[in-house]
Amino acid sequence: MKTKLSLLALVLLMASCKTYTIEPEKFKKQLIESNANTLKDVKVNNPLTPFSKIEYKANSLKYLNVYDKNGQLSFMENSPSVEMRVTLKDGKRKILYLDTVTLENDTLKGEKSRILGLKSKIPFNDIVKIEVQDGGKKYQYE
């Protein structure tokens, strides 16, 4: 019985984390048109300790036009819990928080860990696929 409940919980969790895609060039265009490189200071709650906050610079992207698995256009609101998975030409994947992503000289820059402050740089020409999803993490702007 316990195994069945665990399996059901896993299925529900996976169904709730809807993944969307966006073509790299369309993503780049949206970043440029929305002037997303304008950064603002933000604070989010720290899910590990309820009494501390995490401070960082976030982009000004409000919404992202994305496509579901059926190719239907959707609009995803940018938030601290939205994750971006980038697939590179060599098959490797990098994960970034969408609200930290900026484009500088044809290089995507962003944070892959807020708690550890780990950053990543990705040459835009190496990107073949971009997927975004709300990771369900309990981050919220303060």
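Residues numbered from 1 in each chain as written. Predicted model: local features only at pLDDT ≥ 70, side-chain atom pairs only at ≥ 80, totals over all residues. Heavy atoms only, no water.

Visitor: How should the confidence of the model for the protein chain be read in this particular structure?
Guide: Note: predicted coordinates in regions of low pLDDT should not be interpreted at a detailed level. Predicted confidence across the protein chain gives a mean pLDDT of 86, with 88% of residues reaching 70 or more. Here helix H1 (residues 2–16) is the element of the protein chain with the lowest mean pLDDT, 44, and strand E6 (residues 82–88) is the one with the highest, 97. The model gives residues 4–15 a pLDDT under 50, and that stretch makes 0 contacts with residues more than four places away or in other chains. (pLDDT = per-residue confidence, 0-100. Helix = DSSP H or I, 4+ residues; strand = E, 2+ residues; numbered from the N terminus. Contact = heavy atoms within 4.5 Å.)

Visitor: Looking at this structure, how should I read the packing of aromatic side chains?
Guide: Aromatic rings in a pair are described by how distant their centres are and how their planes are angled relative to each other. Across all of its chains, the model carries 0 aromatic pairs by this definition. Its guanidinium or amino end placed over the ring of phenylalanine 124, lysine 28 lies 5.0 Å from that ring's centre, counting from NZ or CZ. A cation over a ring is seen here: arginine 114 above tyrosine 97, with NZ or CZ 3.9 Å from the ring centre. (Phe/Tyr/Trp six-rings, centres within 6.5 Å; stacked < 30°, edge-to-face > 60°. Lys NZ or Arg CZ within 6 Å of the ring centre and 35° of its normal.)

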